[in-house]
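Each chain, letter by letter, is given below.
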Amino acid sequence: MTELIAWLRATIEGDLAKARDVVQPDDQWYTARDLFEEAPCVDWDEGEFLTLYTPGVVIARCEAELAEIDAIMAMPHYAWDGRSEYGCPMLDPDAYAGPVCTCGRDAIVNRLLRIKASGYRHRPGWQEGWAP
Ligand SMILES: [Zn+2]
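(A) Layout of the overall build of the protein. Looking only at helices and strands, one finds 5 helices and 0 strands in the protein. Counting across all 132 residues of the protein, residues that qualify as buried make up 8%. Residue pairs at least 24 apart in sequence account for 55% of intrachain contacts in the protein once pairs closer than 6 positions are excluded.

If you want it as structure tokens, here you go:
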């Protein structure tokens, strides 16, 4: 999982850096008409599609995805609430030999990150074993 997270972050941060390199102060939202007028070889449908990938859009998407990864990774293990006998052993891994998450947090985090990473499966470095 560590390798997948590092690869996913690096891929998104690479896209973010490329978008920041070319962003212009006023290009937050190109319209299809803007693109059609600037590049007449682009037809209307292509222009609409390309507006999904302007630098401002890419920056917003990358920043949101990096924040999403942080939020996924910050999901807590189940803590003892006074009603159940035990909390998750991962809350105190030093107290257990070979601690394994028993609350389901690690399985959920693993699944969410695999789903997110699969959106980048066409990129160099993707491993088929990461498929959700
Ligand atoms: Zn757990």
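(B) Broad picture of the packing of helix 1 (residues 2-22) against helix 4 (residues 55-73). In the contact formed by helix 1 and helix 4, the axes pass within 9 Å of each other and the chain directions differ by 150°. The orientation of helix 1 relative to helix 4 falls into the category roughly antiparallel. Considering how the two elements wind past one another, helix 1 and helix 4 form a crossing that is left-handed. In this structure, helix 1 uses Leu-8, Arg-9, Ile-12, Asp-15, Leu-16, Ala-19, Arg-20 and Val-22 to contact helix 4, whose residues at the interface are Pro-55, Val-58, Ile-59, Cys-62, Glu-63, Glu-65, Leu-66 and Ile-69. Its residues assigned to classes, the contact of helix 1 with helix 4 comprises 11 nonpolar, no polar and 5 charged.

(C) Layout of the confidence of the model for the protein. Mean pLDDT over the protein works out to 84, with 80% of the residues at or above the 70 mark. In the model of the protein, helix 2 (residues 32-38) stands out as the element of lowest mean pLDDT, 61, in contrast to helix 5 (residues 105-118), which has the highest, 96.

(D) Up close: the environment of Ala-74. Mapped onto the secondary structure, Ala-74 falls in the loop between helix 4 and helix 5. For Ala-74, a count of 8 C-beta atoms within 10 Å gives the class exposed. Spatially, the C-alpha atoms of Ala-74 and Val-109 are 9.3 Å apart, while their sequence positions differ by 35 residues.

(E) Here's a closer look at the packing of helix 4 against helix 5. Where helix 4 meets helix 5, the closest approach of the two axes is 10 Å, and the angle between their N-to-C directions is 165°. Between helix 4 and helix 5, the angle is such that the two are roughly antiparallel. Note that helix 4 runs across helix 5; the crossing there is left-handed. Residues Ile-69, Ile-72 and Met-73 of helix 4 form the contact with helix 5, whose participating residues are Val-109, Leu-112, Leu-113 and Lys-116. Looking at side-chain class alone, the contact of helix 4 with helix 5 contains 6 nonpolar, no polar and 1 charged residues.

Quick notes on the rules
Residues numbered from 1 in each chain as written. Predicted model: local features only at pLDDT ≥ 70, side-chain atom pairs only at ≥ 80, totals over all residues. Helix = DSSP H or I, 4+ residues; strand = E, 2+ residues; numbered from the N terminus. Buried ≥ 20, exposed ≤ 12 C-beta atoms within 10 Å, placed from the backbone. Contact = placed C-beta atoms within 7 Å. Axes fitted to C-alpha atoms, helices over the stretch in contact; angles between N-to-C directions. Parallel < 35°, antiparallel > 145°, perpendicular 65-115°, else oblique. Left-handed = near helix turned anticlockwise from the far one by under 90°. Nonpolar A, V, L, I, M, F, W, Y, C, P; charged D, E, K, R; others polar. pLDDT = per-residue confidence, 0-100.

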